[in-house]
Amino acid sequence: MNGTNDSGATTPRSGADDSNRHILVAQLRDRPNTLERAVGLFRQRGYAIERLSWTPGDTPDSRKLEVVVETDRVDLLVRQLERLVDVLSVHAAVPAR
Amino acid sequence: MSETRTGAQILCEALIREGAEVVFGIPGGAIMPFYHALPEFQHQLRHVLCRHEQGAGHAAEGYARASGKVGICVATSGPGATNLVTPIADAWMDSTPLIAITGQVSSGVLGTDAFQETDVIGITTPITKHNRLVTRAEEIIDAVREAFLIATTGRPGPVVLDITKDAQQARIVPDWDAPYPTIKAAPTTIDPERIRAAARLLAEAERPLILAGNGVIWSGATDALRRFAEKTGIPVITTLHGKGAFPEDHPLALGMPGMHGWVHVNKAIQECDVLLNIGSRFDDRVTGKASTFAPNAKIIHVDIDRAEIGKIIRVDVPIVGDARAALEELHAATPARDCSGWLARIRALQERHQPRQQYMKRPATAQLMPADVYDAFNRIALDRGPHRVVTDVGQHQMWAAQLIEWRNPRSHITSGGAGTMGFSLPAALGAAIAHPNETIWVICGDGGFQMTNQELATIQQEGITNIKVAIINNGYLGMVRQWQELFENRRYSGTPLSGPDFARLAEAYGVRGMRVEHVDDVDAAITEAWDTDGCVVIDFRVEREVNVFPMVPQGKSIGEMLTEAPEPALAV
């Protein structure tokens, strides 16, 4: 699944526990409020973060945000992250078991 | 050797270079260097001293919504900045390009709970497109340029610049040749396959509808919308913020959908087989219970903000892009067609559910009904020059949306998504400055007016003469009272509302005040207000317990509308 998907369809809910767990990997500009703005989006829109890491990004002035999140609306979450000014890219995948 | 300038001087100049003409604000300790610099630029950058920062923020919003330009408000740190939170949130919900500049304590004491220090970045993060703490004068040019870019690119919205006092005070040589900041571009090309898919649906539909929202107005797509609708014959619905996107005297105009939309409009949505939504975000006041909205329709959604697509309503053909560009491409791709049978069906529904009928049931006495005011306004406005209407939030706002015939973009200005009572008077101040040669009407309730009426002093001090205020005064927080009447067994808890004599209050501010209590006096009052060279406040003492109908109870499908109260709505 990639972050540019703008299909209107919501991800169908599945009975299996792990099918709604996703790992999001985002590259962000390294600015003072970037992490707070990204994390605040999860809180405000009701996405529960299971795990989070904040590490150096692909370039010296970027950071990498990795979040494991359980949601049945990962496409929407990706689009909501993408519209943040400091978010450079977002990719979502189902985490390995 | 170039001349050194203070950060505050650079801030003023940077704003002017980006096109700013006016700022609305109130000074205070942490923003004093900016105010010290302002007089040097007074001929290029007008300052409007408001009486409360909330008023300054709404004035900047009103300026933006009336002009299409960026609105700018200024406040000091701490309480000055927190008073801007409501207008910033309002601009966020309604996609208004707003730049809020807040002073901040000096960088050396940041984080020490210094006097009037508040974490403005932390507070405003969830309600801004972007915000930025500026601690060095060297950053100011870049920060201002970036703020304008962000506020106006793609879906418009608010940006906060929190600038420390020492950054405003520092003297540097400004580098106006520095490269412009870059931000992610808004979508510029529209997927032609999606346009073809949409055009195919629209060409083959038996019962197509267009739903036009705020995005049509911000993208300047009103002409493109009219041409597309006329080519295809598809009827057009306009949301609250889409009022003026399509002329309501047009044969294809249907009116407003949603909680207080007309019955025939909501029924048309429930019956349509293709719905083209352009620049509206499927707000819950439009959709009612989302899972039951337009159950028979394929949905085409055009939005500049990708994150709005599929958020509320499942979409069959998503089109990410500018409303005008999308409409022009759809116009080229969709063959001319005829929808007259479908339109006739909707008009028949309209005949059966006469929308204005409810409001025409007036008592035989001279008792003033709210609809009398709108009726007179409509008649008198026909013969008048350019004018706009700013409404507040509540019953009077819905009556205005329903009963005034809206024709032009940016002629209807209101607080929609946030539903901010107190919006209208200060927003009208901004609109009046943007359009000094037009008449700006405020229509508000007695509750909302009392939240920000201190801005009458601002209007008076600024010498503004083109604002006319109509208070639909029913002595209640009327919309809440209506809900209490209909759904809470008439337990009027916290809704009966007293107020001052508004006409005398206006006079105390140096503004002409009038009071109208009888239906026979309405026309003369509105005419006189329009003819008065100066601002006027009219206190319309209306029947107290009139309701807004139709109404979709919250959480219900828009197919389930109340058209009258279970018991007689009028207290006799």
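Residues numbered from 1 in each chain as written. Chains lettered and ligands numbered in written order. Predicted model: local features only at pLDDT ≥ 70, side-chain atom pairs only at ≥ 80, totals over all residues. Heavy atoms only, no water.

**Q** Even after reading the chapter, I still don't get the overall build of chain A, so can you show me in this structure?
**A** The helix and strand inventory of chain A stands at 2 helices and 4 strands. Starting at the N terminus and walking to the C terminus, you meet the elements of chain A as β-α-β-β-α-β. Taking all 97 residues of chain A together, the buried fraction comes to 44%. Look at the contacts in chain A between residues 6 or more apart in sequence, and 72% of them connect residues 24 or more apart. (Helix = DSSP H or I, 4+ residues; strand = E, 2+ residues; numbered from the N terminus. Buried < 20%, exposed > 50% of the residue type's maximum accessible area, 1.4 Å probe, protein only. Contact = heavy atoms within 4.5 Å.)

**Q** I would appreciate a short explanation of helix 14 (residues 323-333) of chain B in the present structure.
**A** One turn of an α-helix holds 3.6 residues; hence residues three or four places apart share an orientation. Residue and element names in this part refer to chain B. Listed in full, the buried residues belonging to helix 14 are Ala323, Ala326, Leu327 and Leu330. All buried residues of helix 14 fall inside an arc of 100 degrees around its axis, so they share one side. Contacts made by the buried residues of helix 14 are with helix 9 (192-204), helix 10 (214-218), helix 11 (222-232), strand 12 (274-278), strand 13 (298-303) and strand 14 (317-320). The backbone nitrogen of arginine 324 lies 3.2 Å from a side-chain oxygen of the residue at the head of helix 14, namely aspartate 322. (Arc of directions from axis to C-beta. Polar contact = N/O pair within 3.5 Å; in protein donor to acceptor, adjacent residues only side chain to side chain.)

**Q** Got a minute to help me understand the nonpolar core in this structure?
**A** Residues and elements named next belong to chain B. Counting residues in each nonpolar core, the largest one holds 98 residues, and the members touching the most others are Leu209, Ile526 and Phe540. Sorting elements by how many residues they give to this core places helix 17 (residues 370-381) first, with 7 residues. Residues within four places of phenylalanine 540 in sequence aside, it is in contact with Leu368, Val373, Ala470, Ile471, Ile472, Asn473, Val516, Val522 and Ile526. Grouped together as the second largest cluster of nonpolar side chains are 46 residues, Val48, Ala56, Ile433 and Val511 included. (Core = buried A, V, L, I, M, F, W, Y, C linked by side-chain atoms within 4.5 Å.)

**Q** Just to check I follow, could you spell out unusual backbone geometry for this structure?
**A** Negative phi values dominate among residues other than glycine, just as trans dominates among peptide bonds. Residue and element names in this part refer to chain B. A cis amide bond links phenylalanine 549 with the next residue in sequence, proline 550, at an omega value of 0 degrees. Looking at the element boundaries, proline 550 is found in the segment after strand 20 (536-541). Phi at alanine 294 is positive, roughly 45 degrees, even though this residue is not glycine. Mapped onto the fold, alanine 294 is located in the loop between helix 13 (284-287) and strand 13.

**Q** I'm lost on the sheet that holds strand 2 (residues 48-56) of chain A in this one. Help?
**A** Strands belonging to one sheet form pairs held by backbone hydrogen bonds; the direction of such a pair is parallel or antiparallel. Residue and element names in this part refer to chain A. The antiparallel open sheet is built from 4 strands, whose spatial order is 2-3-1-4. Of all the strands in the sheet, the pair left with one neighbour each is strand 2 and strand 4 (87-93). Each strand axis lies, on average, 15 degrees off the axis of its neighbour in the sheet, ignoring direction. Relative to strand 3 (residues 62-70), strand 2 runs antiparallel, the two being bridged by 8 bridges. Looking across to strand 3, one finds that arginine 51 is bridged to valine 68. Packed onto the sheet, helix 2 (residues 74-82) meets strand 1 (21-29), strand 3 and strand 4 and runs at close to 165 degrees relative to strand 4. (Pairing = 2+ DSSP bridges. Axes fitted to C-alpha atoms, helices over the stretch in contact; angles between N-to-C directions.)

**Q** I keep staring at the sheet that holds strand 11 (residues 253-255) of chain B and nothing clicks. Help me out?
**A** Residue and element names in this part refer to chain B. The strand order across the open sheet formed by 6 strands is 11-10-9-12-13-14, and the pairing between neighbours is parallel. Of all strands in the sheet, those bounded by a partner on one side alone are strand 11 and strand 14. In this sheet, adjacent strand axes meet at a mean angle of 20 degrees when their direction is disregarded. When strand 12 meets strand 13, the two strands line up parallel, connected through 5 bridges. The residue bridging leucine 275 from the neighbouring strand is isoleucine 299, located in strand 13. In this fold helix 12 (residues 263-271) packs onto strand 9 (208-212), strand 10 (236-238) and strand 11, with an angle of close to 105 degrees to the strand it touches most, strand 11. Its contacts with the sheet put helix 15 (residues 340-352) on strand 9 and strand 11, and the angle it makes with strand 11 is roughly 35 degrees.

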